[in-house]
Amino acid sequence: MTATTATTAATAARTLTPTAVPAAPGSATALAGYAIQSTAKVTDPPATVSSPGYPASGWYPAGPRSTVLAALLAAEVYPDPFYSTQQKLIPAADFTVPWWYRSDFTVADTTARTYLDFSGVISAADVFVNGRQVAAASTVAGAYTRHELDVTGLVREGGNTVAFRIQPNNPRKRLTMGWLDWLQPPPDENMGIVRDVTVRRGGPVALRDAHVVTALAMPSMSSADLTVKARVRNDSPDTVTTTVSGTAGPAAVSRTVTLAPHETRTVVFAPADHPALRLSPPRVWWPASMGEQPMYGLDLTATVNGTASDTARQSFAVRDVQAPLNADGARQYRINGRPLLIRGGGWSPDEFLRWDRTYVEDRLRYALDLGLNTLRLEGHIEPDEFFDLADRYGILTLPGWECCDKWEGEVNGTEAGERWEDADYPVARASMAAEAARLRHHPSVISFLIGSDFAPNEEIEEMYVDALEAADWTAPVVPAASEASAPITGRSGMKMTGPYDWVPPGYWYGKREGGATGFNSETSAGPDIPTLDTLRRMMSPAELETLWKNPSAAQYHRSPSPTFATLGLYNAALAGRYGPPTGLEDYVRKAQLAQYEAVRAQFEAYARNAKDASRPSTGVIYWMFNSGWTSLQWQLVDRYLDQGGAYFGAKKANEPLHIQYGYDNRAVSVVNHRTSAADGLTARVTLFGTDGRQHYDRTVTGVAVAGGGASRTALTVPASVPGLSGTYLARLLLTDAEGREVSRNVYWLSTTADVLDYTKSTWYHTPTTGYADLTGLNSMPRAAVTATASSTADAAGTSTTTVTLRNTGTGNTPALLTDVHLVSAQGTPVLPVRWSDNQVSLWPGESATLTATYRTGDLRGSAPRLRISGWNTPTATVPAG
């Protein structure tokens, strides 16, 4: 670190404002931040460090949820770790010793009881308050365990100090969080405090674990029973009579209980004694694509002698989740009795576990924009606000423990992760109990996966299941994300057959390996090359040169795993199918086409097969939805929220009413993700050479398709069409009864098929021994596309830009995959942005009107502009004011 940086950090640490903690019963005040420093640089004893008034000279400021490295990055101790290989400059040795986290808070009234309530310590911590140790690292261990420490006797009027001596993290040895092959792991292994530490106040009786268990009458949904539970705990040395009262939704509840000194009792309110707890009819919560997301509130107060002693508040919703195994043994989710195809992505937090509500909300909106209904969290289970947002947006979530480290050390054979010791079992049990209690009330949470690549053994499974049952968990419990089983929870009903590296689009249609059958918990064609804008933000010029020139080179921004270190398979396929790249821009241009067709095919295949009579598809989780850093793989959206071929391929495949082509059987199908049926549709398919000349055209009218994910084959393209060249285009159009276009889908195809060698399949891909010939696209003539645009802004700070694209060519040449980027006057992408459609293909005379919605402030005072580009369209920038 530099002297200037150290001085700045020290000054900032000294001026951190103590957190003011009110005396109001039931209040829970999060510590506002910390001063942190390595124990290698602190020679003072813990009693001194954790006492009020300690100067913390030379310490660094940290936010209320911060790993050590996140704080040091905020203090600009190190350069941007997301660029090039600069993360290698951060010395890992600095994080092999404990670090101090120190925070001050003020209390004006010491008559109330005071508790420290926290989780999210990575990996363990000794805890001190006002010079006294109140917990040891042997107890405060594990990222997910929750702790409540009664510090009433230590708290004094005025200034108080809490200090955590955080132990180094090693996810192979600790039940915490790790990254495996997702990205280059952070040098500090995420050691720190990543959830709020709150100071709770109350009277003699504490109210804890308040929650509502809902039971929706099925299949009628005409009523719902609410059962309210709460633990009341007498923390005083005297016998106390308390009244617990409040509301659960529209129902009022009340009960008086007498507690002996230090007695804890569970209070239960049920419809039998409180008839108002039977809602008739209830407001039912649905996923975003299926209905509304109403929420109810639970508010309870424990009073003693007419004075409030503690309060509890919780949101909840009414919904029913079932996930039985179908006849093929695949897990089929049903929300409120309606089956749905799980269409999701794997969620990643920020590499340094930095919480940014706006950034998270932007990504959740992207998930909805892509037509996804589910996000899977393998480990890295986000803070409460994440699930609050998922509830509000109607996005389903699949949280669970992670693979390939300590969590599966007892069952994963020779993979990473040490076997469990006696001390690990109580940590695992406490972790499950804490997460079950934290997540059970969120309607967006539709399962907990107690295993990932492996199911737990019977001893561990029983421990997890007991903890879940004790927490009144009602959602399905899944033993593993892989095709595994466990003695109590049975078969997983999921498969983890990959792939994780490049496969051709036709792969997804085969009902084998990772193809569209059953529930695939994590799968994709692997690499995803970002846009040129993002690449230039994350890689040096020399690295960009290597990216397209040297397929065998190890790519730091791909993975630390030897399996995924290079882009060899991907680059070979790109060159084999589209022709060798002639430069960086050509490489990126071809990558966007390749990623569009690969991602589109994955989601389309699973959607088409969802209602098959034999071996239907029931779920697919794209691996992954996003990356925690600047990545070259496993992402539908990149770190900076830019959108390329993978994004728009997914958006196209998952549109509500969709026409698509089957790579396996040439069938043109209509898939209806809407809840209601659609009829009176017209499907048309036209085949063109790359010169735009038409060789085949067929229209089918009167197409009808049921709702809820049903599909209908409208027609089948002939196996052979006279005059087609090796590379050709297929334009699919779907119009409604009024002739309005409701779906447009364009494919670039070959008379030469990709050839897969299934006999040599591995866990991460199936080899391709022959490539489709798409090189004819390189000879497509230039297409002239004009754009006219206008923009408006509302008082809420949201802008909308409307652009009309038109192919003004006079010949036959289509404009293939025309992309529109909203940019500032300096040419920088304005992100995030949600497009109604993008990367559209237009034939001469055709036009498309697109809208972009974004925050006005993200323009940073610039007038909006549009950068138009495409496969065979010259790049041009036009004003959008």
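See above for the structure.
What you are looking at is a predicted structure, and each value in this text was computed from that prediction instead of being measured. (Residues numbered from 1 in each chain as written. Predicted model: local features only at pLDDT ≥ 70, side-chain atom pairs only at ≥ 80, totals over all residues. Heavy atoms only, no water.)

Novice: Honestly, the overall build of the protein in this entry has me stumped. Any pointers?
Specialist: For the protein, the helix and strand inventory stands at 12 helices and 51 strands. A compact globule built from 881 residues would reach a C-alpha radius of gyration of about 29 Å, and the protein, at 29 Å, matches this within 12%. By the burial criterion, 60% of the 881 residues in the protein qualify as buried. If you take every contact in the protein between residues at least 6 apart in sequence, the share linking residues at least 24 apart comes to 71%. For the protein, the accessible surface area stands at approximately 31000 Å², while carbon and sulfur atoms represent 50% of it. Here the protein contributes 76 positive and 87 negative side-chain charges, whose respective centroids are spaced 4 Å apart. (Helix = DSSP H or I, 4+ residues; strand = E, 2+ residues; numbered from the N terminus. Rg over C-alpha atoms; globule rule 2.2 N^0.38 Å. Buried < 20%, exposed > 50% of the residue type's maximum accessible area, 1.4 Å probe, protein only. Contact = heavy atoms within 4.5 Å. Areas by Shrake-Rupley, 256 points an atom, 1.4 Å probe, with all protein chains shown as cover. Lys, Arg positive; Asp, Glu negative; His and termini not counted. Charge placed at Lys NZ, Arg CZ, Asp CG, Glu CD.)

Novice: In this structure, what is going on with unusual backbone geometry? I would like to understand it.
Specialist: What is expected of a backbone is that most residues other than glycine have negative phi and most peptide bonds are trans. Look at the link from Ser280 to Pro281: it is a cis peptide, with omega at -5 degrees. Mapped onto the elements of the fold, Pro281 is located in the loop between strand 20 (278–279) and strand 21 (296–304). Geometrically, the link from Trp623 to Met624 is a cis peptide bond, its omega value of 5 degrees lying close to zero. Within the secondary structure, Met624 sits in the loop between strand 34 (617–622) and helix 12 (645–653). Unlike most non-glycine residues, Arg860 shows phi in positive territory, near 50 degrees. Turning to its location among the elements, Arg860 is positioned in the loop between strand 49 (847–855) and strand 50 (865–870).

Novice: Please explain the side chain of Gln635 as it appears in this structure.
Specialist: Residue position: Gln635 is located in the loop between strand 34 and helix 12. Here Gln635 falls in the buried class, since its relative accessible area comes to 0%. A distance of 3.4 Å separates a polar atom in the side chain of Gln635 from the backbone oxygen of Asp528. A distance of 2.8 Å separates a polar side-chain atom of Gln635 from the backbone oxygen of Ser631. With sequence-adjacent residues up to four places away left out, Gln635 is seen in contact with Asp528, Pro530, Tyr622, Met624, Phe625, Asn626, Ser627 and Ala646. (Polar contact = N/O pair within 3.5 Å; in protein donor to acceptor, adjacent residues only side chain to side chain.)

Novice: In this structure, what is going on with the sheet that holds strand 47 (residues 834–835)? I would like to understand it.
Specialist: Strand pairing in a sheet is mediated by backbone hydrogen bonds. Such pairs are either parallel or antiparallel. The sheet built from four strands is open, its strands ordered 44-45-49-47 with antiparallel pairing. Of all the strands in the sheet, the pair left with one neighbour each is strand 44 (785–793) and strand 47. Relative to strand 45 (residues 798–807), strand 44 runs antiparallel, the two being bridged by nine bridges. Paired with Ala787 across the bridge in strand 45 is Leu805. (Pairing = 2+ DSSP bridges.)

Novice: Help me out: how do you make sense of helix 9 (residues 541–549) in this one?
Specialist: Every α-helix winds through 3.6 residues per turn, so residues three or four apart in the chain are directed the same way. Within helix 9, the full set of buried residues consists of Glu543, Leu544, Leu547 and Trp548. Along helix 9, the residues classed as buried sweep out an arc of 125 degrees about the axis, all on the same side. Seen from the open side of helix 9, the exposed residues pointing more than 90 degrees away from its buried face are Ala542 and Lys549. Packing partners of the buried residues in helix 9 comprise helix 8 (532–538), helix 10 (568–578) and helix 11 (584–608). (Arc of directions from axis to C-beta.)

Novice: Honestly, the sheet that holds strand 17 (residues 240–248) in this entry has me stumped. Any pointers?
Specialist: Strand order in the open sheet formed by four strands is 18-17-21-22, with antiparallel pairing between adjacent strands. The sheet terminates laterally at strand 18 (251–259) and strand 22 (307–316), the two strands that pair on one side only. Sheet twist, expressed as the mean angle between neighbouring strand axes with direction ignored, is 15 degrees. Direction of pairing for strand 17 relative to strand 21: antiparallel, over a ladder of six bridges. The partner of Thr243 across the bridge, within strand 21, is Thr303. (Axes fitted to C-alpha atoms, helices over the stretch in contact; angles between N-to-C directions.)

Novice: Explain the state of the cysteines here, please?
Specialist: Defined simply, a disulfide is a covalent bond joining two cysteines at their sulfur atoms. As enumerated under the stated definition, the model contains one disulfide in all. Each sulfur in the disulfide pair Cys403 and Cys404 lies 2.2 Å from the other. Measuring the twist about the S-S bond at about -90 degrees, one finds the Cys403-Cys404 disulfide to be left-handed. For the pair Cys403 and Cys404, a shared accessibility class is recorded, and that class is buried. (Disulfide = S-S within 2.5 Å.)

Novice: Just checking my understanding: could you explain the packing of aromatic side chains for this structure?
Specialist: For any two aromatic rings, the description comes down to two numbers: the centre-to-centre distance and the angle of the planes. One pass over the full model with this rule turns up 40 aromatic pairs. Centroid distance Tyr296 to Phe316: 5.6 Å. Interplanar angle 20 degrees. Geometry classified as stacked. Of this pair, Tyr296 sits in strand 21 while Phe316 sits in strand 22, placing them 20 residues apart in sequence. Residue Tyr296 is classed as buried on the basis of its relative accessible area, which comes to 10%. An angle of 55 degrees between the planes, with centres 5.6 Å apart, marks the rings of Tyr661 and Tyr747 as tilted. On the criterion of sequence distance, the pair formed by Tyr661 in strand 35 (residues 657–661) and Tyr747 in strand 41 (residues 741–750) is long-range, its members being 86 residues apart. A relative accessible area of 0% places Tyr747 in the buried class. Feature note: the residues Tyr144, Trp401, Trp407, Phe448, Tyr464 and Trp473 constitute an aromatic cluster, connected by ring pairs. (Phe/Tyr/Trp six-rings, centres within 6.5 Å; stacked < 30°, edge-to-face > 60°.)

Novice: Before we go on, may I ask you to explain the packing of helix 6 (residues 424–439) against helix 7 (residues 458–470) in this structure?
Specialist: Each pair of packed helices can be summarised by the angle the axes make with each other and by the distance between the axes. Taken N-terminus to C-terminus, the directions of helix 6 and helix 7 make an angle of 35 degrees; their axes are 8 Å apart at the nearest point. Our pair here, helix 6 against helix 7, has a crossing hand that is right-handed. Facing helix 6, whose interface residues are Tyr425, Ala428, Arg429, Met432, Ala433 and Ala436, helix 7 presents Glu459, Ile460, Met463, Tyr464, Ala467 and Leu468. Of the residues in the contact of helix 6 with helix 7, the class split is 10 nonpolar, no polar and two charged. (Left-handed = near helix turned anticlockwise from the far one by under 90°. Nonpolar A, V, L, I, M, F, W, Y, C, P; charged D, E, K, R; others polar.)

Novice: What is the right way to look at the nonpolar core in this model?
Specialist: Most often, soluble globular proteins have nonpolar side chains that are buried together. Formed by 229 residues in total, the largest nonpolar core has its most connected members in Phe164 and Tyr333. By residue number, the principal contributor to this core is helix 11, which donates 13 residues. Grouped together as the second largest cluster of nonpolar side chains are 26 residues, Val668, Ala678, Ala683 and Leu734 included. (Core = buried A, V, L, I, M, F, W, Y, C linked by side-chain atoms within 4.5 Å.)

Novice: What is the right way to read the pattern of salt bridges from this model?
Specialist: Any two side chains of opposite charge can pair if their charged atoms end up close together. Evaluated as defined, the whole model comprises 52 salt bridges. A salt bridge links Asp196 to Arg65; the shortest N-O distance between them is 2.9 Å. Note that Asp196 is positioned in the loop between strand 13 (192–193) and strand 14 (197–202) and Arg65 in the loop between strand 4 (60–62) and strand 5 (66–67), a separation of 131 residues in sequence. Looking at Asp196, the relative accessible area reads 26%, which means it is partly exposed. What you see here is one network of salt bridges that share partners, running through Glu148, Arg208, Arg233, Asp235 and Asp310. (Salt bridge = Lys/Arg side-chain N within 4 Å of Asp/Glu carboxyl O.)

Novice: I'm lost on the pairing of strand 45 in this one. Help?
Specialist: Because side chains alternate across strand 45, one face comprises the buried residues Ser799, Thr801, Val803, Leu805 and Asn807, and the other comprises Thr798, Thr800, Thr802, Thr804 and Arg806, none of which is buried. A loop of four residues connects strand 44 with strand 45, the two strands running antiparallel in sequence, and Gly797 in this loop sits at a positive phi of about 90 degrees. Across nine bridges, the pairing between strand 45 and strand 49 is antiparallel. Within strand 49, the position partnered with Thr802 by the bridge is Thr851.

Novice: Looking at this structure, how should I read the packing of helix 11 against helix 12?
Specialist: It is at 7 Å that the axes of helix 11 and helix 12 come closest, and there the two elements cross at 30 degrees. In this view, helix 11 runs roughly parallel relative to helix 12, as classed from their interaxial angle. Helix-helix and strand crossings are classified by hand; for helix 11 and helix 12 the assignment is right-handed. Side by side, helix 11 and helix 12 meet where Gln592, Gln595, Tyr596, Val599, Arg600, Phe603 and Glu604 of the first sit next to Gly645, Ala646, Phe648, Gly649, Ala650, Lys652 and Ala653 of the second. Looking at the contact of helix 11 with helix 12 residue by residue, the class counts come to seven nonpolar, four polar and three charged. (Parallel < 35°, antiparallel > 145°, perpendicular 65-115°, else oblique.)

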